[in-house]
Amino acid sequence: MSGLRVRVESALNRVWYPSDQATPARRVLAGAYRLLTTPLEWLFRAIVAARYRAYRNGSLCAQRVGVPVVVIGNLTVGGTGKTPFTCYLARCLAEDAGLRVGIVTRGYGAQREDGVTPVRVDASSDAHEVGDEPVLLATLSGSAVMAGRNRVAAARALAEEVDVLLADDGLQHLRLARDLEIVLLDLQRGVGNGRLLPCGPLREPPSRLRDVDALVLTGAASPSRAADSVAGALPPGAPTPLRAAVSLTTAYAIASPDHECALSRFAGAPVHAVAGIADPARFFALLRRSGLEIIEHPLADHALLDAKTIAFDDEIPVLMTEKDAVKCRSFADARCWAVRLDVQMAPEARKALVASVVALCAQGALNGS
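Residues numbered from 1 in each chain as written. Predicted model: local features only at pLDDT ≥ 70, side-chain atom pairs only at ≥ 80, totals over all residues. Heavy atoms only, no water.

**Focus: the overall build of the protein**
- Per the secondary structure count, the protein includes ten helices and 13 strands.
- Since a compact globule built from 369 residues should have a radius of gyration of about 21 Å, the 20 Å found for the protein is in line with a globular shape.
- Each of the 369 residues in the protein was classed as buried or not, and the buried ones make up 51%.
- Residue pairs at least 24 apart in sequence account for 75% of intrachain contacts in the protein once pairs closer than 6 positions are excluded.
- Looking at the protein as shown, the accessible area adds up to about 16,800 Å², and 56% of this sits on carbon and sulfur atoms.
- Placing the 41 positive and 39 negative side-chain charges of the protein at their respective mean positions leaves the two points 7 Å apart. (Helix = DSSP H or I, 4+ residues; strand = E, 2+ residues; numbered from the N terminus. Rg over C-alpha atoms; globule rule 2.2 N^0.38 Å. Buried < 20%, exposed > 50% of the residue type's maximum accessible area, 1.4 Å probe, protein only. Contact = heavy atoms within 4.5 Å. Areas by Shrake-Rupley, 256 points an atom, 1.4 Å probe, with all protein chains shown as cover. Lys, Arg positive; Asp, Glu negative; His and termini not counted. Charge placed at Lys NZ, Arg CZ, Asp CG, Glu CD.)

What follows is the structure, encoded as structure tokens:
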């Protein structure tokens, strides 16, 4: 089933994110898919618009939780780097402003029978039980993390012990009132074909960007032409994009996390590359950009990993994302390495984001909330 899901996701990505190198046959198939799914897109668009209006006019009530809430999300389905960016912002707020930061997250892939009741997550939590992203957030952010489908309940469970809450992947979770919205867009993919689900990758129309407080383009350092292309597709009134560059520079042994090395150590010979994330191709491209020769093993997002999944019939090193690594701690051997994803912003952009959150916290203190 996982293999089928990977093939379906790959096929959809080829339709949703058109390429100039696409063959004529692929263009015809993409056009046929868009034609067939347009009625469903209209229905989805109407539902999204009605729900958004209901929260704006008060027919549905967003719930406040007593502390400022910063939502980090995206318009598209899947990988824009929300979780690594959330970790980065949490560390910035703690290091630069001394804020106590809490993080709430959905916990996709959790195997708990009760996925509704919020659960406190730390670095030692079982990723199969609470979800891979919550464990990664707890491991990398240094912040208190609460996971659960009911994000309002999760936020309230943390509110008394923090100064600010970050909601990872919470843009469309309108029931949780927010004070600041940060939207991430992948530098290379942008808004794809600009269409809503299922015709395209968008959860909301691009016009939604007019209402957000900050827009961050994520991706590897690349020519400004890519950033200009994405910026040119944004609606009038959208925030001026900031840049968050991502890179892969080091890896650590999953069985012995203190054993760390430069990623360049693996250059010159093939390595297995495992990625159970929304956009495995992005991870593979970053590895190749780092000079590695890789054997690709794409998996479905949040795929369950066990020893058999990575039991390749050789002694070649196995490199994987940190999100996958938290699911392999109990059975990883000396071949298994997690690759660190480094997120960096220009000092001015970092300072501006931190200052905006500090201002929210100060305002909240004045208002007694």
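Read on for the rest.
**Regarding helix α3 (residues 82–97)**
- The terminal C-alpha atoms of α3, which comprises 16 residues, lie 21 Å apart, in line with the 22 Å expected from a rise of 1.5 Å per residue.
- Of the residues making up α3, those classed as buried are K82, T83, F85, T86, C87, Y88, L89, A90, C92 and L93. (Expected span 1.5 Å × (residues − 1).)

**Thoughts on the packing of aromatic side chains**
- Evaluated as defined, the whole model comprises three aromatic pairs.
- Their ring planes at 45° and their centres at 6.1 Å tell us that F85 and Y88 sit as a pair that is tilted. Here F85 and its partner Y88 are both found in helix α3, three residues apart, which amounts to about one turn of the helix. Just as F85 is buried, Y88 falls in that class too.
- The interplanar angle of 50° and the centroid separation of 6.2 Å between the aromatic rings of F283 and F284 together place this pair among those described as tilted.
- Above the plane of the ring of Y108 lies R106, whose end atom (NZ or CZ) is 4.7 Å from the centre.
- The ring centre of Y17 lies 4.1 Å from the NZ or CZ of R189, which sits over that ring. (Phe/Tyr/Trp six-rings, centres within 6.5 Å; stacked < 30°, edge-to-face > 60°. Lys NZ or Arg CZ within 6 Å of the ring centre and 35° of its normal.)

**Describing unusual backbone geometry**
- Here the amide bond leading from L197 into P198 is cis, since omega sits at -5°, within 30 degrees of zero.
- With respect to the helices and strands, P198 occurs in the loop between β6 (180–186) and β7 (214–219).
- Within the chain, D169 stands out as a residue other than glycine whose phi angle is a positive 60°.
- Looking at where D169 falls in the secondary structure, it is placed in the loop between β5 (164–168) and β6.
- Its identity is not glycine, yet H302 carries a phi of approximately 65°, on the positive side.
- With respect to the helices and strands, the residue H302 is situated in the loop between β11 (293–298) and β12 (318–321).

**Observations concerning the packing of α3 against helix α5 (residues 132–141)**
- For the pair α3 and α5, the least separation of the axes is 9 Å and the interaxial angle reads 30°. The angle between α3 and α5 falls in the class roughly parallel. For the element pair α3 and α5, the recorded crossing hand is right-handed. Seen from α3, the contacting residues are T83, T86, C87, A90 and R91; seen from α5, they are E133, L136, L137, L140 and S141.
- Among the residues forming the contact of α3 with α5, the class breakdown is five nonpolar, three polar and two charged. (Axes fitted to C-alpha atoms, helices over the stretch in contact; angles between N-to-C directions. Parallel < 35°, antiparallel > 145°, perpendicular 65-115°, else oblique. Left-handed = near helix turned anticlockwise from the far one by under 90°. Nonpolar A, V, L, I, M, F, W, Y, C, P; charged D, E, K, R; others polar.)

**A short note on the side chain of D132**
- Looking at where D132 falls in the secondary structure, it is placed in helix α5.
- Residue classification places D132 among the buried residues on the basis of a relative accessible area of 2%.
- Polar side-chain contacts of D132 include one of 3.0 Å to the side chain of H302.
- Apart from residues no more than four positions distant in its own chain, D132 is found in contact with Y108, A127, H302, K323, V326 and K327. (Polar contact = N/O pair within 3.5 Å; in protein donor to acceptor, adjacent residues only side chain to side chain.)

**Side note on a nonpolar patch on the surface**
- A cluster of nonpolar side chains, contributed by L40, L43 and I47, occupies part of the molecular surface with about 290 Å² of accessible area.
- Position of L43 among the secondary structure elements: in helix α2 (residues 24–56). (Patch = residues over 30% accessible without salt bridge, like charges linked within 9 Å, V, L, I, M, F, W, Y side chains within 5 Å. Salt bridge = Lys/Arg side-chain N within 4 Å of Asp/Glu carboxyl O.)

**Quick word on the environment of E348**
- Structurally, E348 is set in helix α10 (residues 347–367).
- Residue class for E348 comes out exposed when judged on its relative accessible area of 59%.
- Between the C-alpha atoms of E348 and T321, which are 27 residues apart in sequence, the distance is 29 Å.

**Looking at the state of the cysteines**
- What the rule picks out here adds up to zero disulfides.
- With no disulfide of its own, C87 has C92 as its nearest cysteine by sulfur position, at a separation of 11 Å. (Disulfide = S-S within 2.5 Å.)

**Some thoughts on the pairing of strand β13 (residues 336–345)**
- Where strand β8 (residues 242–253) meets β13, eight bridges bridge the pair, whose relative direction is antiparallel. Bridge pairing in β13 places A245 opposite Q344.
- Sheet topology places β12 next to β13; four bridges connect them, and they run parallel. Bridge pairing links M320 to A338 in β13. (Pairing = 2+ DSSP bridges.)

**With respect to the confidence of the model for the protein**
- Across the protein, the average pLDDT comes to 91, with 93% of residues at or above 70.
- The least confident element of the protein, judged by mean pLDDT, is helix α7 (residues 224–232) at 65; the most confident is β12 at 98. (pLDDT = per-residue confidence, 0-100.)

**Quick look at helix α8 (residues 280–289)**
- Within the sequence span of α8, burial applies to P280, R282, F283, F284, L286 and L287.
- Immediately downstream of α8, the backbone of G291 shows phi near 90°, a positive value.

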